[in-house]
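# Results of the structural survey
Residue strings, one per chain:
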Amino acid sequence: MIESHASDDAPQPSDRPDQDDGRERKCIVSGEVLPEARLIRFVAGPDATVFPDLARKLPGRGIWVEATRAAVDQAAIKNAFSRSAKTRLTVPPGLSDLIERLLAKRCLDGLGLARREGGLVPGFEKAQMTLRSGKAAWLVEASDGAADGRIKMIRAANASPRPTAVCGAFSAEELGLALGLDNVIHLAFLAGRRAERWTEEVSKLAGFRPLLPESWREETRNGRGV
């Protein structure tokens, strides 16, 4: 990737009408101007340590990197953070792993908030009916759930009149803790503003961990899934 030595925290004009606010920034690794939704903002802490500002609210001049593990690792290896800030900055060890954990927490917190607002439909039968009705934007499946039930749910998602994305990035325990429920395996995430915001967060997470376990892809290749 081509490096950019300049940091640009000023919004770039957008030529993409599908972006809600039209704000774009330049990735310090590739030099490409991208929507903020596809970037991670970093700031320098009081001790001159690079810190990810996932909410994009911390004070200070932002340093923007594409929301992928490869881009963040390149920024650290190539000393791009310091060059962008025009001062020496310390990159903490395991920065990409830290971002993955923080993004995962934000996604799980988003599910918990959606449940409190009535935006999630848990349970096999109810979630399946919601998928078939075309009301769901996402099917969230526990990564460690049984294959038979998961395959049926994914088929229902694929047959939905509304395009429905599938996420299997979290275990049943993680989902249960986030929602305050026991034995959470199948969730339908109703379409709406909350789902749109969650899509942004989980799309960033996809740059750091697969949203679908490899074993699920094997099921598809073996003809068990669709």
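Summarised in this report is the structure supplied together with it.

Here glutamate 201 is to be found in helix H7 (residues 193-205). Overall, glutamate 201 belongs to the buried group, its relative accessible area being 15%. Excluding anything up to four places from it in sequence, glutamate 201 contacts Leu103, Arg106 and Cys107.

Here the focus is the sheet that holds strand S3 (residues 39-44). Sheet strands pair by backbone hydrogen bonding; their relative direction is either parallel or antiparallel. Strand order in the open sheet made by the three strands is S4-S3-S5, with antiparallel pairing throughout. Unpaired on one side and paired on the other, strand S4 (50-52) and strand S5 (63-66) mark the two borders of the sheet. For this sheet, the mean angle separating the axes of adjacent strands, direction not counted, is 35°. Relative to S5, S3 is paired through four bridges, and the arrangement is antiparallel. Considered in S5, the bridge of isoleucine 40 is made with valine 65. Running over the sheet, helix H3 (residues 95-116) touches S3 and S4 and is turned about 25° from S4.

Residues other than glycine seldom take positive phi values, yet alanine 48 does so here, at roughly 65°. Here alanine 48 shows up in the loop between S3 and S4. For alanine 48, a relative accessible area of 27% puts it in the partly exposed group. With phi around 60°, asparagine 79 is a residue other than glycine that occupies positive phi space. Along the polypeptide, asparagine 79 turns up in the loop between helix H1 (69-77) and helix H2 (80-85). Taking relative accessible area as the criterion, asparagine 79 reaches 41% and is therefore assigned partly exposed.

Bringing H1 into the picture now. Of all the residues in H1, the buried ones are Ala71, Val72 and Ala75. Looking straight down H1, one finds that the buried residues subtend no more than 95° of arc, so they occupy a single side. Buried residues in H1 make contact with S3, S5, H2 and H3. Of the residues flanking the end of H1, it is asparagine 79, one or two places downstream, whose phi is positive at about 60°.

Parameters at a glance
- Residues numbered from 1 in each chain as written.
- Predicted model: local features only at pLDDT ≥ 70, side-chain atom pairs only at ≥ 80, totals over all residues.
- Heavy atoms only, no water.
- Helix = DSSP H or I, 4+ residues; strand = E, 2+ residues; numbered from the N terminus.
- Buried < 20%, exposed > 50% of the residue type's maximum accessible area, 1.4 Å probe, protein only.
- Contact = heavy atoms within 4.5 Å.
- Pairing = 2+ DSSP bridges.
- Axes fitted to C-alpha atoms, helices over the stretch in contact; angles between N-to-C directions.
- Arc of directions from axis to C-beta.

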